[in-house]
Amino acid sequence: MATLEYDEDGRLLFTEEMRREYTILAPQMAPYHFDYLIQALNSEGYNAELLKSEDYSLIHEGMKYVHNDMCIPAMLVIGQFIDALKRGDYDPDKVALILVQTGGGCRASNYIKILRKALEKARLSQVPVISLNPRGFEKNPGFKITPRLLHKLHDAMLFGDTMMNLTLQTRPYEKEAGATKRAKEEIDARLADYFEHRRIFTWRRAKRMVHFIIERFRAIDTHPRNKPKVGIVGEIYVKYSPLGNNSLEETLEKEGVEVVTPPLYDFFLYTSTNRIIDISRYGGSRLEKWLWWFIIWYVEIRRGKIRKAMREAGFEAPIPFKQLKKLVDGVLDKGAHAGEGWLLTAEMIDLIEHGAPNIVSTQPFGCLPNHIVAKGMFKKLKSLYPESNVVAIDYDTSASKINQINRINLMVSNAFRNHARGGEQT
Ligand code: SF4
């Protein structure tokens, strides 16, 4: 075991020595994105691994060490970490854990501290926890977000969103079963090589990669796209994680619909926008505000190019973030930014306006912020968009898959009926 070092507040640090010797474990939150994020980290000299266990019963480990009024995503993520450490798959003296921290007003910002408390209770307090965040919280001598790593993480998010969009538009229509999966495997092999290349990437190289991805998907032989579309919105973990949402994407595709999941990068742009809103309304550094504007502008320039390439190849592309942000004007104030806040409502409006009026809103039990911006907005959305067909699905510690599936099936059968009638409301 490496020498343990603490900061002045008693926080266990991830040191240079640990960087060389330790494995960094990360929870699988978004399967389309996190593999690439891990590749980006590893190409910068870390040894990171994703925890891919998908057995919902690991939540019991979370329940043992986390207070029972905590959110389900915290129980699952912490349960997954402790389960992996206790099962003996990893040497607890040679691992560190990493969690994304947004710094927003919700309990998610405190998952790191709750995880440390849980590790202490589980007699694993020698395991350091790293915060991955864009705001410089909790510095560690052995983990530095360099410009090159930042660039690679940015590319990983762009590629993850592109892969998700193209997969969801292709897989339900493939003529030869498994063709989309094979394309993904081929692209993943190229991406592994891409991340391995150690330098700050010019857009030219990323552009070539994006075009390769799009062309590879375009080469898949498909039937015409004519299925009802069902959007997935909700709390970020249960929205993207198959562990958190009982493999919702797979369930919906088996029901014969096309799934539309909004880009993960929008969540990052949403948290950046919230910093700007806070500084404008409550004061703060002007320089910081302009820095966030610049970051959003930079990301959107790159995303704009990908959107253009997707549309030119005959795929649908997500709308620009600026447009997404405008959708809630007159519906909800942007000060509502705990949890997924105004973004969740904006995504529902976007889906309804762009051909996916059928929506599953994934809701961790007891998640107050998302209760307000999801369920709390259903009535308003129904009055604005009578064709909307939205269902809220609760995910809790004793989640009954049967109940969830029954409610989803009801929404899907309405979706098929409306689709057959050409989009009329039920
Ligand atoms: S958004 Fe909901 S689930 Fe996520 S931390 Fe906040 S309360 Fe918990």
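Report on the accompanying structure. Remember, predicted model here, so these are calculated numbers, not experimental data.

1. Points about the sheet that holds strand β5 (residues 229-234)
Move 1: The strand order across the open sheet built from four strands is β6-β5-β7-β8, with neighbouring strands paired in parallel fashion. At either end of the open sheet lies a strand with only one pairing partner, and these are β6 (258-260) and β8 (389-395). Pairs of neighbouring strands in the sheet enclose a mean axial angle of 25°, with direction left out of account.
Move 2: Strand direction decides the pairing type here: β5 and β6, joined by three bridges, are parallel. The residue of β6 that forms the bridge with Lys229 is Glu258.
Move 3: Across the sheet, helix α14 (residues 341-353) is in contact with β5, β6, β7 (358-364) and β8; its angle to β5 comes to roughly 175°.
Move 4: Sheet strands in contact with helix α16 (residues 401-420) are β5, β7 and β8, and its direction is about 165° off that of β8.

2. What to know about the sheet that holds strand β4 (residues 129-132)
Move 1: With respect to topology, four strands assemble into an open sheet ordered β2-β1-β3-β4, the strand pairing being parallel. Looking along the sheet, the strands with just one partner apiece sit at the ends: β2 (48-51) and β4. Neighbouring strand axes in the sheet, compared pairwise and without regard to direction, differ in orientation by 30° on average.
Move 2: As paired elements, strand β1 (residues 23-27) and β2 share four bridges and run parallel to each other. Within β2, the position partnered with Ile24 by the bridge is Ala48.
Move 3: Running at roughly 160° to β2, helix α2 (residues 31-42) makes contact with β1 and β2 of the sheet.

3. Side note on empty space enclosed by the protein
Move 1: Applying the stated criterion across every chain, the model contains three cavities of 30 Å³ or more.
Move 2: Size it by volume and the largest cavity reaches roughly 120 Å³.
Move 3: Along its surface, the largest cavity is lined by Leu158, Asp161, Thr162, Asn165, Pro263, Arg303, Ile306, Arg307, Met310 and Pro318.
Move 4: Of the residues assigned to the lining of the largest cavity, the class counts are five nonpolar, two polar and three charged.
Move 5: Its boundaries defined by the atoms lining it, the second largest cavity holds a volume of some 40 Å³.
Move 6: Around the second largest cavity sit Asn245, Asn246, Leu248, Thr251, Tyr395, Lys401, Gln404, Ile405 and Ile408, which together line it.
Move 7: Each residue belonging to the lining of the second largest cavity can be placed in one class, and the counts come to four nonpolar, four polar and one charged.

4. Considerations on a nonpolar patch on the surface
Move 1: Taken together, the side chains of Phe294, Trp297 and Ile301 present a nonpolar region at the surface, about 320 Å² in accessible area.
Move 2: Note that Trp297 resides in helix α12 (residues 286-312).

Thresholds, definitions, all that
Residue positions are given per chain, counting from 1 as you read along its sequence in written order. Local features in this predicted model are restricted to residues of pLDDT 70 or higher, and side-chain atom pairs are both shown and tallied only at a pLDDT of 80 or more, whereas totals for entire chains, interfaces and linings draw on every residue. Only hydrogens and water are set aside; all other atoms, that is, all heavy atoms of the structure, feed into the side-chain values. Whether two strands pair comes down to DSSP finding at least two bridges between them. By the criteria applied, helices consist of DSSP H or I runs no shorter than four residues and strands consist of E runs no shorter than two, each listed in order from the N terminus. Lines fitted to the C-alpha atoms define the axes, with helices restricted to the stretch that makes contact. Angles between their N-to-C directions range from 0 to 180 degrees. Any two residues whose heavy atoms approach within 4.5 Å at even a single point are treated as in contact. Any residue with an atom within 4 Å of a point lines the site, the site being either a cavity, points on a 1 Å grid over the protein atoms alone where a 1.4 Å probe fits but cannot get out, or a pocket, an open set with protein on both sides within 12 Å along at least 5 of 7 lines. Grid points are joined across faces, edges and corners, and a volume is the space filled by probe spheres set on the points. Basically, the charged four are Asp, Glu, Lys and Arg, the nonpolar ten are Ala, Val, Leu, Ile, Met, Phe, Trp, Tyr, Cys and Pro, and anything else, Gly included, counts as polar. Exposure above 30% relative accessible area and no salt bridge define the residues that can form patches, which grow by joining like charges within 9 Å and nonpolar side chains of Val, Leu, Ile, Met, Phe, Trp and Tyr within 5 Å. Note that accessible areas follow from Shrake-Rupley with a 1.4 Å probe, and for residues the cover is restricted to the protein chains shown. For salt bridges, the criterion is a side-chain nitrogen of Lys or Arg within 4 Å of an Asp or Glu carboxyl oxygen.

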